[in-house]
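Observations on the three-dimensional arrangement
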Amino acid sequence: MDLRSIWKDNEAAAGSYYRQLSDEVMALARRRSRSVLDKVKRIILIEFVAGLVITVAAAIGAWNYTSQPVFFLLVIAVALVAGCYPYYWLWRRMRHIHEKPVLEALDEQIVVLQSYISHVLWLVGALLPLGYISGFFIGAVEGGAPWPGVLLSWKMWAIAAPLGVGICWLIVFFTKKYMNATIGRQITELGRIKLELEHEVQ
Amino acid sequence: MEQQFKELIDRHNGILYKIARSYAPEQEDMRDLYQEMLVQVWRALPDFRGESQASTWLYRIALNTALSYQQKQRRQQTVLRGDEHFPAVIDDGIGAAQARQQRIDLLYRCISRLEKDERAIILLYLDEKSYEDMATILGISVNLVGVKIHRIKKKLQQLLLENEEWVNVWQEE
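Just so it is clear, the structure is predicted and the values come from calculations on it, not from any experiment.

Criteria and cut-off values
Residues numbered from 1 in each chain as written. Chains lettered and ligands numbered in written order. Predicted model: local features only at pLDDT ≥ 70, side-chain atom pairs only at ≥ 80, totals over all residues. Heavy atoms only, no water. Helix = DSSP H or I, 4+ residues; strand = E, 2+ residues; numbered from the N terminus. Buried < 20%, exposed > 50% of the residue type's maximum accessible area, 1.4 Å probe, protein only. Contact = heavy atoms within 4.5 Å. Areas by Shrake-Rupley, 256 points an atom, 1.4 Å probe, with all protein chains shown as cover. pLDDT = per-residue confidence, 0-100. Core = buried A, V, L, I, M, F, W, Y, C linked by side-chain atoms within 4.5 Å. Buried area = accessible area lost by both parts, 1.4 Å probe. Salt bridge = Lys/Arg side-chain N within 4 Å of Asp/Glu carboxyl O. Axes fitted to C-alpha atoms, helices over the stretch in contact; angles between N-to-C directions. Parallel < 35°, antiparallel > 145°, perpendicular 65-115°, else oblique. 1 Å grid on protein atoms, 1.4 Å probe; cavity = no way out; pocket = protein on both sides within 12 Å on 5 of 7 lines; lining within 4 Å. Points joined across faces, edges and corners; volume = space filled by probe spheres on them. Nonpolar A, V, L, I, M, F, W, Y, C, P; charged D, E, K, R; others polar. Patch = residues over 30% accessible without salt bridge, like charges linked within 9 Å, V, L, I, M, F, W, Y side chains within 5 Å.

1. Some words on the overall build of chain B
Summing up its helical and strand segments, chain B has eight helices and zero strands in all. Starting at the N terminus and ending at the C terminus, chain B contains elements arranged as α-α-α-α-α-α-α-α. When burial is assessed residue by residue, chain B has 57% of its 173 residues classed as buried. Sequence-distant contacts in chain B: of pairs separated by 6 or more residues, those separated by 24 or more amount to 72%. When the accessible surface of chain B is summed, it comes to about 7800 Å², and 45% of that surface belongs to carbon and sulfur atoms.

Shown next, in the form of structure tokens:
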């Protein structure tokens, strides 16, 4: 059974399919990608731009309202550089990923997607407590608690901390579940393909 | 750039078609995957320096896109029944042409039953790529390519022979 000779008959079908699309090839090529990697890339870009805007706003605020703007600007600059690094790292790894040999590309995709999950969990785990604690104390001050003395009140911390930990744990837990059910599933699939490709089935 | 892209796809559209059809047997999925491949090729083109052959470069992009392509859940169960939706090559009315078309459809059906990594290897084999080229595209050793091809070919032939339709078409000619 010569499979290659049968396969050659396929060229006509390929040509016929292409001719149906040939007028819209450029339009199709310019459409937005729907791959998970490109979605991750877009989210990262949005996060990065949002982070940049917040940092610049904080820098302007520090410049206007503090007596030590240089110190605050320095803190913001360090935060900016530290914040940029993970984005740069992910961005760099994602570039040219599809042009690499298949095994290497699979490996890179797994690393990128795993890093992205860790990044999201870290972001949720770090930002939520910050947001929650800030909201809690802002509420307390609005309700008449003295500022900044309220920050030193152990009673307030005794209420805020366990609640904060509980809420954050729940949100991180469900985020992790969600990420594993979506991107995690793809990582497992890519890992399986990679394993089968680099080893011969016995 | 647009001209270069069109010329490249004109010349190598078969690569995209075969890979897309093997990884997404349903017509709608196949169109999505084909489009995704075009998107990735178009984006990567400015960085293509011609260090490798255009076809090798295209195979890498197409296979990497196909391997990470997620089919829509609702269609996965009917994955093996998609061939009837594909436009057949214009039939010249001769039985032999019909038989050839049927054989191709069945071959795709059986290829789609292979594991994803096996599909990549058998597609390169069927396209008469050398072991060295296959190793370059896949990023594995030439020896491993040889061992794998031997096993996958046997598996594919077994799948074909188990298919009654295949045996009938084969005998008809």
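2. What to know about the confidence of the model for chain B
Residues with a pLDDT of 70 or more make up 80% of chain B, whose mean pLDDT is 81. Quick note on the complex model: pTM equals 0.80, ipTM equals 0.80.

3. Looking at the confidence of the model for chain A
Of all residues in chain A, 97% have pLDDT values of 70 or greater, and the mean over the chain is 84. For chain A, helix α5 (residues 69-94) of chain A is the element with the lowest average pLDDT, namely 78, and helix α7 (residues 154-198) of chain A is the one with the highest, namely 89.

4. Remarks on the nonpolar core
Burial of nonpolar side chains together is a common tendency in soluble globular proteins. Ranked by internal contacts, the top residues of the largest apolar core, which has 91 residues, are Phe5, Ile19 and Tyr34 of chain B. If we skip the residues at most four places from it in the chain, Ile19 of chain B touches Met37, Tyr59, Ala62, Leu63, Ala66 and Leu123 of chain B.

5. Points about the interface of chain A and chain B
Tallying the contact residues gives 52 residues for chain A and 67 residues for chain B. The junction of chain A with chain B conceals about 5600 Å² of combined surface from both sides, 60% of it contributed by carbon and sulfur atoms. On inspection of chain A and its partner chain B, the count reaches seven salt bridges. Between Glu11 of chain A and Lys18 of chain B there is a salt bridge; the shortest N-O distance is 2.5 Å.

6. Describing the packing of helix α4 (residues 36-65) of chain A against α5 of chain A
It is at 10 Å that the axes of α4 of chain A and α5 of chain A come closest, and there the two elements cross at 170 degrees. By the criterion of interaxial angle, the relationship of α4 of chain A to α5 of chain A is roughly antiparallel.

7. Looking at the layout of surface pockets
Residues and elements named next belong to chain A. The calculated volume of the largest pocket comes to roughly 740 Å³. When contributions to the lining of the largest pocket are tallied by element, the ones reaching two or more residues are α4, α5 and α6 (102-142). Broken down by element, the lining of the largest pocket gets its largest block of residues, 11 residues, from α5. Taken together, the residues of the lining of the largest pocket sort by class into 20 nonpolar, five polar and one charged.

8. Focus on a nonpolar patch on the surface
All names here are of chain A. A cluster of nonpolar side chains, namely Ile159, Leu163, Ile167, Trp169, Leu170, Ile171, Phe173 and Phe174, defines an oily patch on the protein surface of about 760 Å² accessible area. Among the secondary structure elements, Phe173 is positioned in helix α7. On the accessibility criterion, Phe173 (32% relative accessible area) is partly exposed.

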